[in-house]
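Structural description and commentary
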Amino acid sequence: MEEFYCDWYEIIEEQSDGHVAFMALDDLDFYLQSRDPNGFLVVDINKVPNEVKPFLDYDAVKPIKRFSNPNKLLLQNNKLSKYLVLAKAFNSYSQRGSDYVEILFERKQVDGKELTERSLDLDNLDNILHSAPVQCCWELFATGKDKELVGQILAEIETQYTRKTAKKKDDDIYVSHEQLGSLLDSFIRNAVLAVVYVWFKKFETAKALIDSMGWAPVRYPPMTSILRYYLELLFANEQESVLASFFEEQLFRDGYRTHYEIYIQTFVDPDFVCTRTQQARIVHERIETFREDYL
């Protein structure tokens with residue numbers, strides 16, 4: 001049985017604009033797997049906007065196992081655009097051993113009290129200030145402009161950056177929520193810096209940052225979209241050895257399967273045919289954009 005292993009995001013990205021795609025990535029775990037070859041996107045027929053209701057009979061498909069909720073409807077993978085354009089949020093939906101993505105047409109309810117009473121974490125100001133230059137680099141990278149300014153900021157980051165190593169112990173170490181949050185923040189910073197380093201053709205420095213994170217690039221959802229830029233810039237720069245190193249682990253080959261297939265087609269076997277032709281086309285277009293605008 002075919003699995004849409006991490007491909008739900010690429011399919012959403014292909015059939016929607018960037019805003020919807022990133023909203024899906026924020027709402028859902030990128031590691032979510034759909035084991036249903038018939039589809040992955042679910043809607044509630046009682047909550048579907050009127051403008052798409054006439055299409056439901058034509059766009060629906062039977063799941064491999066009947067849904068216990070009669071209001072839930074599975075959509076065909078190639079008929080999602082009209083629903084995605086109306087998306088306000090996403091939820092994961094588990095049903096009889098398979099994971100699905102449910103599209104919501106109303107914004108999720110947020111606890112307003114929690115937001116209004118949340119105060120600035122004064123004890124964490126150093127961490128916030130430490131992240132600000134990296135965020136600035138990321139925003140400038142997204143425009144493809146002001147590369148000289150990014151270089152200046154990157155030099156300042158390198159001057160101030162100090163790497164701390166923890167001594168390994170045989171016994172288990174308790175990690176608090178605060179420590180875990182700080183660790184994940186550092187992963188995001190490293191991922192962004194890796195992208196910027198590739199932009200500046202410092203490939204080994206970028207590779208060292210990615211290697212230092214272990215399996216976080218496929219385990220921690222906010223990193224996944226950042227690492228796709230890392231891989232696509234490497235393709236644009238024809239960095240075969242760095243890409244080969246990245247794809248040594250099966251987990252990375254599975255988690256970034258489209259990019260792995262493009263790697264095989266580009267550097268290993270030119271006759272290899274990508275199994276995800278639409279997703280591969282989108283990735284190829286982004287690689288060409290990087291090649292034209294960033295090199």
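Everything in this summary refers to the structure shown in the same document. (Residues numbered from 1 in each chain as written. Predicted model: local features only at pLDDT ≥ 70, side-chain atom pairs only at ≥ 80, totals over all residues. Heavy atoms only, no water.)

**Details of the pattern of salt bridges**
Taken as a whole and assessed by the stated rule, the structure comprises nine salt bridges. Lys 82 is the partner of Asp 59 in a salt bridge, and the nearest nitrogen-oxygen pair spans 3.1 Å. Highlighted residues: Asp 59 in helix α3 (residues 56–59) and Lys 82 in helix α4 (residues 81–84), separated in sequence by 23 residues. You can call Asp 59 buried: its relative accessible area is 4%. The partly exposed category is assigned to Lys 82, whose relative accessible area is 28%. Connected through salt bridges with shared partners, the residues Glu 13, Arg 228, Glu 232 and Arg 286 form a single ionic network. (Salt bridge = Lys/Arg side-chain N within 4 Å of Asp/Glu carboxyl O. Helix = DSSP H or I, 4+ residues; strand = E, 2+ residues; numbered from the N terminus. Buried < 20%, exposed > 50% of the residue type's maximum accessible area, 1.4 Å probe, protein only.)

**Concerning unusual backbone geometry**
The residue Asp 146 is not glycine, and still its phi comes out positive at about 55°. For Lys 201, which is not glycine, the phi dihedral falls at a positive 65°. If you trace the backbone, Lys 201 turns up in the loop between α8 (177–199) and α9 (203–211).

**Examining the nonpolar core**
Residues Phe 141, Leu 227, Tyr 230 and Phe 246 are the most contacted members of the largest nonpolar core, which totals 49 residues. At the level of secondary structure, the elements contributing two or more residues to this core comprise α6 (125–143), α7 (147–160), α8, α9, α11 (224–236), α12 (240–246), α14 (257–268) and α15 (277–293). Among all residues touching Leu 227, those that are not within four sequence positions of it are Ala 191, Ile 210, Pro 217, Phe 246 and Tyr 256. By size, the runner-up hydrophobic cluster in this structure holds 27 residues, among which are Val 20, Phe 40, Leu 41 and Ala 87. (Core = buried A, V, L, I, M, F, W, Y, C linked by side-chain atoms within 4.5 Å. Contact = heavy atoms within 4.5 Å.)

Limitation: the analysis is restricted to geometry and does not speak to function.
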